[in-house]
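# Architecture and fold: a report
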Number of protein chains: 2
Amino acid sequence: MTTHPAHSRVLTEAGTPVTRVALTNGETFDRYCTAGPGCDPEVGLPRLRSDWIAARGDTETYVGRAPQLLDDGRAAVRRGAATEAWRGETAAPRRAVPGARVTQLHYARRGEVTREMEYVAAREGCDVELVRSEVAAGRAIIPLNVNHPEAEPMVIGRRFLVKVNANIGNSAVTSSIAEEVDKLTWATTWGADTVMDLSTGDDIHTTREWIVRSSPVPIGTVPIYQALEKVGGEADRLTWEVYRDTVVEQCEQGVDYMTVHAGVLLRHVPLTARRVTGIVSRGGSIMAGWCLAHHEENFLFTRFDELCEILAGYDVSISLGDGLRPGSVADANDEAQLAELRTLAELTTRAWEHDVQVMVEGPGHVPLHLVEENVRLQQEWCHGAPFYTLGPLATDVAPGYDHITSAIGAAAIAMHGTAMLCYVTPKEHLGLPDRDDVKTGVITYKLAAHAADVAKGHPGARDWDDALSRARFEFRWHDQFALSLDPRTAQAFHDETLPAENAKTAHFCSMCGPKFCSMRISQDVRDRFGDLDPALDPALDPDLDPAAGMARMSAQFVELGGTVYVEAPTGSAAEEGAARVDG
Amino acid sequence: MTTHPAHSRVLTEAGTPVTRVALTNGETFDRYCTAGPGCDPEVGLPRLRSDWIAARGDTETYVGRAPQLLDDGRAAVRRGAATEAWRGETAAPRRAVPGARVTQLHYARRGEVTREMEYVAAREGCDVELVRSEVAAGRAIIPLNVNHPEAEPMVIGRRFLVKVNANIGNSAVTSSIAEEVDKLTWATTWGADTVMDLSTGDDIHTTREWIVRSSPVPIGTVPIYQALEKVGGEADRLTWEVYRDTVVEQCEQGVDYMTVHAGVLLRHVPLTARRVTGIVSRGGSIMAGWCLAHHEENFLFTRFDELCEILAGYDVSISLGDGLRPGSVADANDEAQLAELRTLAELTTRAWEHDVQVMVEGPGHVPLHLVEENVRLQQEWCHGAPFYTLGPLATDVAPGYDHITSAIGAAAIAMHGTAMLCYVTPKEHLGLPDRDDVKTGVITYKLAAHAADVAKGHPGARDWDDALSRARFEFRWHDQFALSLDPRTAQAFHDETLPAENAKTAHFCSMCGPKFCSMRISQDVRDRFGDLDPALDPALDPDLDPAAGMARMSAQFVELGGTVYVEAPTGSAAEEGAARVDG
């Protein structure tokens, strides 16, 4: 799915997708593409990686866990069925043969370059050895469950393009399966690199099946949400067994990464008591509740090695949840947050012992002056494991605009080394995002991520800015729109004042009108001065007397054609455009 | 004008306005208020400062420059009249008596504390000596023309709250006087601290009259725009005399600050020839055009001292325009920009010799890693004169979303010391902002400015965040809305999924539903742990063995009521709310 007639999804020689933008000057510009090949929702996506996985010979299919009505929640149990069963094919689940580890981390550590690494290197435009070595060091992950062969491989790590995750999912009071699948497609169309299904309402299992089968990007979940549903929503009734069973259920479906709130320890909970906003993570509060109710240590922590062994069999990555993240700028970087981060660092090392890929989640709400410290401590303590932050919001005062308050923090934290940004939509704190909010959230985060790529000097990142700015400067309005993150919105805003087609070739716009156009004036400057010798340029020579410099420039200036810059030639495109618009 | 029933404009004991937010728990929260006392557009605002100015005895009224039809442009000349003459009272213009200087800088340097300084100190909640000394040092300005007594004094400087300017104004292809006055009111309603009238179309003089008479905030302009209109839009026909006459016209009307592109020197112009986007400032390109056409130095530079003498007579502040600001991230911090900044530093000192207040304008488009350098160089070179930046945009790729790309840069640059931010609306690069764009732009910049205030540790800035976050944590939904930058939007987003009134007192929202609410869970945690002795808290004691710590906590925990955290008591507000919503 593309967003503009000038866009097409093209496979490069390496077989990786790009969005090719056709420009009016005959050039093309290729952008990273997350939209996938398009999908019949009744069938699901083609299984891109099936052969790659099978060819490695270290996995096998098996008779999976039998589906249960409770997987879809209490409403399904009452009704005797899920609302809308998945209608496409369901493959038998696959996992590692006994004794094998099938994670990209395992392969990378052994020095093996996988098809997935090659794919990722081609998408990123980097050497495959960079991918392998970063994955081997734990500084990057390629989150890909062997049961989600539909996904196009992508990498999350600070040496690569900053990625964006979009959260979707229903809750007890809202939304249908079709709506969630539509949000998935909409999110990847606009550039989401991964999508998390955070459903907590009805039909959790079935909703996820539709989502995974239709997703060209890795899918993340928070299994504790579904586990809690299975025990009637009562945190104290949660057990390791219910949780483990839910994890296996999701591994078999093809979830690519799972948020695990194993860092919420019993001794951390009292640290939140004096906060302005206590515990704001759902997973964090569930586990805190469980710890308090049982007065026992968090079972996700005590059973962490068992969990890792399960995940290693499917190559499911762990996203270490920050259950004690600050929910207000007042609580940022406090003892509760940092105590948990130390535990997450310990868990990172433990996961790596099982060859399980890990990223670490981060806040939340952080005032701008504390943003850098978040990345620095996480990178130091967690040995460079990828950081994955929610925003952070730089202020609490703008509900309804928290995509913006958080994009400010997100761009800053990504510039300092965060590898993936979890989007925040305008509905944050107020309700669940609808389709429009998903689009706004993804676009806002794509621009924040790209701003960080540019600030990091990521190779090639600024090419996109330069291509668009050149189009702008040369009055190629259609190219400016086509190169935009959201071409139709850009064009619609332009057309509000100047709808005529000729206004899109005219050398001015509605902001200044034809006579005032600064871009036109400075193009004239370029036409005159483009050939001047910079060695003679007095402004480049700090020792030169300004008067002497001016005389020198004057000489050159006369040489190049004398008294330039009078007014636009009559009959120029600008004047004609103006006449047509005025008339 | 207020934006919510819980808001009222209240005058403090010092006579300065605040927006008082009445909360449902009986508390109030006072916010900085820019909306003014409200205004009959046919009459204009009350003349708050008339007596203060007169009492100083250093100004006098005089017979001003005779109005000319050409002041309203060529269309007015053709028609024989402006479209809609100002219908309110017009006072005789006032200026300094011969030999006097009537600027706040002059008074401050003499050690005089003016009513304006007292007013500003009360609004900022700081000591008046801080205001006086910062103004005296040139590190802050109070832009207030003696002919704009309607304006409520405000201060621009890095030691004070970060301010936001909103640009309005028509162009040759769009908008009416009434629309522009409406945008002014709308902008100050949402928090604009100053407004610039950048009109370049018809009726420039009359539009400005309506705006100044109706504005409770300082009004800025770029006089070269009007001067250019007077010479038929042909830059080469501009003269110092036409410009000077235009400046006097605007001084007499009450314009509080004027952007002067005196730093665009002939020798700088060739530095832009190899840029991706040349010269993008209108004023910059006009003056570059003039310099080239005449092959003479910029008359704004050569006549700068004469200009200062005029402005000192009215206390009009200079905003030194950055005519060579980068128009793309590729051009940021380049030689053209920095060469002009050096000239602006020189002009700052020259203006100060005339006791004229100065701020310095900055870019534009700047990648995040170059943002800090912009402030640092400006502050060093310009001796701490206030920096006033347009954004900057952190990337070029998102036309239609440039309020966001620029808010990212704006928050960062303000954190590093920029004193005022010029807003950017979603229409940037595409068209002129309409009423909705003005609102979006102002709110986006208010949140960016506030994020910077918080990051700077500005005294009291975080109180607002904390008040809102406390309301959020305590499920005071109405208070959360009322404390928001945009209460109605926040409430509308909430009500999309949970419109019932009881959902605004329920202890959950549509994001998690009643069972899952993390805020509710952590309030339970607080209820239990709020009384725990922190000295016994093992998580606070790095030397304590976790097991021993847990045993200690356990003892306290049992003492405080035993096995807490089971489930919400039946019949609680949350459950009741859920029942009502579900039913």
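Quick caveat: nothing in here was measured; it's all calculated off a predicted structure.

About the cut-offs
Residues numbered from 1 in each chain as written. Chains lettered and ligands numbered in written order. Predicted model: local features only at pLDDT ≥ 70, side-chain atom pairs only at ≥ 80, totals over all residues. Heavy atoms only, no water. Helix = DSSP H or I, 4+ residues; strand = E, 2+ residues; numbered from the N terminus. Buried < 20%, exposed > 50% of the residue type's maximum accessible area, 1.4 Å probe, protein only. Contact = heavy atoms within 4.5 Å. Areas by Shrake-Rupley, 256 points an atom, 1.4 Å probe, with all protein chains shown as cover. Phe/Tyr/Trp six-rings, centres within 6.5 Å; stacked < 30°, edge-to-face > 60°. Lys NZ or Arg CZ within 6 Å of the ring centre and 35° of its normal. 1 Å grid on protein atoms, 1.4 Å probe; cavity = no way out; pocket = protein on both sides within 12 Å on 5 of 7 lines; lining within 4 Å. Points joined across faces, edges and corners; volume = space filled by probe spheres on them. Nonpolar A, V, L, I, M, F, W, Y, C, P; charged D, E, K, R; others polar. Core = buried A, V, L, I, M, F, W, Y, C linked by side-chain atoms within 4.5 Å. Polar contact = N/O pair within 3.5 Å; in protein donor to acceptor, adjacent residues only side chain to side chain. Pairing = 2+ DSSP bridges. Axes fitted to C-alpha atoms, helices over the stretch in contact; angles between N-to-C directions. Parallel < 35°, antiparallel > 145°, perpendicular 65-115°, else oblique. pLDDT = per-residue confidence, 0-100. Right-handed = clockwise from strand over helix to strand, strands pointing away.

### Digging into the overall build of chain A
The secondary structure content of chain A amounts to 23 helices and 15 strands. Relative to its full complement of 583 residues, chain A shows a buried share of 67%. Sequence-distant contacts in chain A: of pairs separated by 6 or more residues, those separated by 24 or more amount to 74%. As displayed, chain A offers around 18,500 Å² of accessible surface, 50% of which is attributable to carbon and sulfur atoms.

### Re the packing of aromatic side chains
A full pass over the atoms with the stated rule returns 16 aromatic pairs over all chains. Taking the centre distance of 6.2 Å and the plane angle of 40° together, the rings of Trp477(A) and Phe481(A) count as tilted. Separated by 4 residues within a single helix, Trp477(A) and Phe481(A) lie in helix H18 (residues 477-482), roughly one turn from each other. Here Trp477(A) and Phe481(A) have matching classes, each one buried. Taken together, Trp240(A), Tyr243(A), Trp290(A) and Phe299(A) form an aromatic cluster joined through their ring pairs. In this arrangement the basic side chain of Lys427(A) is found over the ring face of Phe493(B), its NZ or CZ atom lying 5.3 Å from the centre. In this structure, Arg350(B) is placed above the aromatic ring of Phe301(B), and the distance from its NZ or CZ to the ring centre is 5.2 Å.

### Topic: the layout of surface pockets
Of the pockets and cavities examined, the largest pocket occupies roughly 920 Å³. Sorting the residues of the lining of the largest pocket by element identifies strand E1 (7-11), strand E2 (17-22), strand E3 (28-32), helix H4 (115-124), helix H6 (177-190), helix H16 (435-455) and helix H17 (461-473) of chain B as the ones contributing at least two each. Looking at the lining of the largest pocket residue by residue, the class counts come to 19 nonpolar, 15 polar and 11 charged. The space that makes up the second largest pocket amounts to roughly 750 Å³. Along the walls of the second largest pocket sit 39 residues, with Arg31(A), Tyr32(A), Cys33(A), Leu161(A) and Trp464(A) positioned nearest its centre.

### Remarks on the nonpolar core
In terms of nonpolar packing, the biggest core is built from 263 residues, with Tyr243(A) and Tyr243(B) touching the most fellow members. Residue contacts for Tyr243(B): discarding those within four places in its chain leaves Pro223(B), Ile224(B), Ala227(B), Thr259(B), Val260(B), Phe299(B), Leu300(B) and Leu307(B).

### Some thoughts on the side chain of His365(A)
Turning to its location among the elements, His365(A) is positioned in the loop between strand E13 (358-362) and helix H14 (371-381). Polar side-chain contacts of His365(A) include one of 3.3 Å to the side chain of His429(A). Residues in contact with His365(A), not counting those within four places in the same chain, are Pro326(A), Gly327(A), Ser328(A), Val329(A), Ala332(A), Pro392(A), Leu393(A), Asp396(A), His429(A) and Arg472(B).

### Observations regarding the pairing of strand E3 (residues 28-32) of chain A
Residue and element names in this part refer to chain A. Direction of pairing for strand E2 (residues 17-22) relative to E3: antiparallel, over a ladder of 5 bridges. Each bridged residue has a counterpart across the sheet, and for Arg20 the counterpart in E3 is Asp30. Following E2, the chain reverses through 5 residues before pairing antiparallel with E3; Gly26 in that reversal takes a positive phi of roughly 90°.

### Looking at the packing of H16(B) against H17(B)
Residues and elements named next belong to chain B. Between H16 and H17, the shortest axis-to-axis distance is 7 Å and the interhelical angle comes to 110°. By the angle class used here, H16 and H17 are roughly perpendicular. Two secondary-structure elements touch here, H16 through His450, Asp453 and Val454 and H17 through Ala461, Arg462, Trp464 and Asp465. Counted by class, the contact of H16 with H17 contains 3 nonpolar, 1 polar and 3 charged residues.

### Overview of the sheet that holds strand E11 (residues 257-260) of chain B
Two pairing modes exist for strands in a sheet, parallel and antiparallel, and in both the strands are linked by backbone hydrogen bonds. Residues and elements named next belong to chain B. One closed barrel accounts for 8 strands, arranged E8-E9-E10-E11-E12-E13-E14-E15; its pairing is parallel. Strand-to-strand twist of the sheet, defined as the mean angle between neighbouring strand axes without regard to direction, takes the value 25°. In the packing of helix H9 (residues 240-253) onto the sheet, the strands contacted are strand E10 (219-221) and E11, and the crossing angle to E11 comes to about 160°.

### A few points about the confidence of the model for chain A
Residue and element names in this part refer to chain A. Averaged over every residue, the pLDDT of chain A is 88; residues scoring 70 or more account for 86%. Long-range and interchain partners of residues 534-546, a stretch whose pLDDT sits below 50, account for 22 contacts in this model, where long-range means more than four residues apart. Low pLDDT (under 50) marks residues 553-583, which in the prediction has 54 contacts with non-local residues, meaning those over four places away or in another chain. Here the complex is predicted with pTM 0.91, and the ipTM for its interfaces comes to 0.91.

### What to know about the environment of Glu496(B)
Here Glu496(B) shows up in helix H19 (residues 487-497). According to the relative accessible area criterion, Glu496(B) is partly exposed, its value standing at 48%. Excluding anything up to four places from it in sequence, Glu496(B) contacts Lys427(A) and Asp434(A).

### Quick look at the pairing of strand E12 (residues 317-320) of chain B
Residue and element names in this part refer to chain B. Burial of the side chains of E12 extends over both faces: Ser317 and Ser319 are buried on one face and Ile318 and Leu320 on the other. When E11 meets E12, the two strands line up parallel, connected through 4 bridges. Bridging from a neighbouring strand, Val260 pairs with Leu320 of E12. Pairing of E12 with strand E13 (residues 358-362), which is carried by 3 bridges, proceeds in the parallel orientation. In the sheet register, Ser319 faces E13, and the bridge partner there is Met359. The handedness of the E12 to E13 crossover, carried by helix H13 (residues 335-353), is right-handed.

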